[in-house]
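The lines below spell out each chain.
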Amino acid sequence: MKIKADNYTIGDLAKFYGVSTDTIRLYDKKGVLLSQKNDENNYRIYSRDDMIMMDYIVKLRMLEIPLTDIRKITGDFSIAETREYCLHKIEQIEEELERLSGLKAKTEKLVTSVEAIETHLDKITVCESPVFILRDIEEGIAVTNELFDALQLDTIPMLTVYGSNAFAPETMKMASQAETRASVADYYISQEDDRGITKRADFPHDQFTILPSKLGIHTIIKALPEQEYHFHYRIKEYAKAHCFKLTGENLNRTLLAKSKGVYCADYYECWYFIEED
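So, a few notes on the structure that sits alongside this text.

Conventions used here
- Residues numbered from 1 in each chain as written.
- Predicted model: local features only at pLDDT ≥ 70, side-chain atom pairs only at ≥ 80, totals over all residues.
- Heavy atoms only, no water.
- Pairing = 2+ DSSP bridges.
- Helix = DSSP H or I, 4+ residues; strand = E, 2+ residues; numbered from the N terminus.
- Buried < 20%, exposed > 50% of the residue type's maximum accessible area, 1.4 Å probe, protein only.
- Arc of directions from axis to C-beta.
- Contact = heavy atoms within 4.5 Å.
- Polar contact = N/O pair within 3.5 Å; in protein donor to acceptor, adjacent residues only side chain to side chain.
- Patch = residues over 30% accessible without salt bridge, like charges linked within 9 Å, V, L, I, M, F, W, Y side chains within 5 Å.
- Areas by Shrake-Rupley, 256 points an atom, 1.4 Å probe, with all protein chains shown as cover.
- Salt bridge = Lys/Arg side-chain N within 4 Å of Asp/Glu carboxyl O.
- Core = buried A, V, L, I, M, F, W, Y, C linked by side-chain atoms within 4.5 Å.

**Examining the sheet that holds strand β1 (residues 8-9)**
The antiparallel open sheet is built from three strands, whose spatial order is β1-β3-β2. Unpaired on one side and paired on the other, β1 and β2 (36-37) mark the two borders of the sheet. Where β1 meets strand β3 (residues 44-46), two bridges bridge the pair, whose relative direction is antiparallel. Of the residues in β3, the one forming a bridge with threonine 9 is isoleucine 45.

Here you go:
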């Protein structure tokens, strides 16, 4: 195809580049593709040079470069300034790739949590726990999550109930009943240390509590908030039957929360730490 010298209409450019006429009018308004006016009908007309410029604008927009920057690149920027701009753009892309990589890793952990519900719901095993990083939510969830985000782990910070007196008779009684349950729950955010960062000299120990890997009874439960909880009693019976001594320390992490109308259900990963009797 040969490019004619001039007299391209706004419709010609829009059709050729697969954009709307409003888009081309915006380019004109932003000063990146200036049109001339036909003296006879006052319509916008574009020349061969405009068509070449349009092609370059389209290529830059494919790189998600904003129109304000395109105006600089095609106008006032020197060749050296254009090169520096592109290098900075690459740095921004690399930062975004790193952010997306972190989101992908966390989403994969979420998939793992959902799969665990499918395969381990109500099943009891004895195993070593991960290392958990905890922080009380007293300052609010937003502040607490920011501190966890700074750790740059691939795991997901989860709302957690953590305590050291889970099997005291009065605690078990209050925890089992919906109306008194909240009064015995201490809420934290917890996150698995999947990279061993708690061993590093620069880890901010003053901001977090570290729960080292321990032997524990592990299960995943479905809890209906308005109903009585009996799983503590089940864990206690299991420990007795298998000659394990419960230390009283436990950690219950929210894996999934569901709500449909008045129906609510929470799925918890539960760790009850033990010593061999």
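**With respect to helix α1 (residues 10-17)**
Listed in full, the buried residues belonging to α1 are Ile10, Leu13, Ala14 and Tyr17. Down the axis of α1, the smallest arc covering the buried residues is 100 degrees, so these residues share one side. Contacts from the buried residues of α1 go to β1, α2 (21-29), β3 and α3 (48-62). Phi turns positive one or two residues past the end of α1, at glycine 18, with a value near 70 degrees.

**What to know about the side chain of histidine 218**
As for its placement among the helices and strands, histidine 218 is situated in strand β9 (residues 215-223). Reaching out from histidine 218, the side chain makes a polar contact with the side chain of glutamate 269 at a distance of 3.0 Å. When neighbours within four sequence positions are excluded, histidine 218 is seen to be in contact with Lys123, Ile124, Thr125, Cys127, Glu269, Cys270 and Trp271.

**Some words on the environment of phenylalanine 231**
Mapped onto the secondary structure, phenylalanine 231 falls in helix α9 (residues 231-241). Expressed as a C-alpha distance, the spacing of phenylalanine 231 and cysteine 270, which sit 39 residues apart in the sequence, is 9.9 Å. Not counting the four nearest positions on each side in its chain, phenylalanine 231 is found in contact with Ile221, Asn252 and Tyr272.

**Considerations on a nonpolar patch on the surface**
Taken together, Ile141, Leu159 and Tyr187 make up a surface patch of nonpolar side chains, about 240 Å² in accessible area. Note on placement: isoleucine 141 falls in helix α6 (residues 141-149). Using a relative accessible area of 37% as the deciding quantity, one classes isoleucine 141 as partly exposed.

**Some remarks on the nonpolar core**
Counting residues in each nonpolar core, the largest one holds 20 residues, and the members touching the most others are Leu13, Ile24, Tyr27, Leu33, Tyr46, Met54 and Ile70. Only α1, α2, α3 and α4 (67-74) provide two or more residues apiece to this core. Here this core takes five residues from α3, the largest share from any one element. Once residues within four sequence positions are removed from consideration, tyrosine 27 is found in contact with Val32, Leu33, Met54, Ile57, Arg61 and Leu67. Judged by nonpolar contacts, the second largest core, of 14 residues, contains Ile217, Ile221, Phe231 and Ile274.

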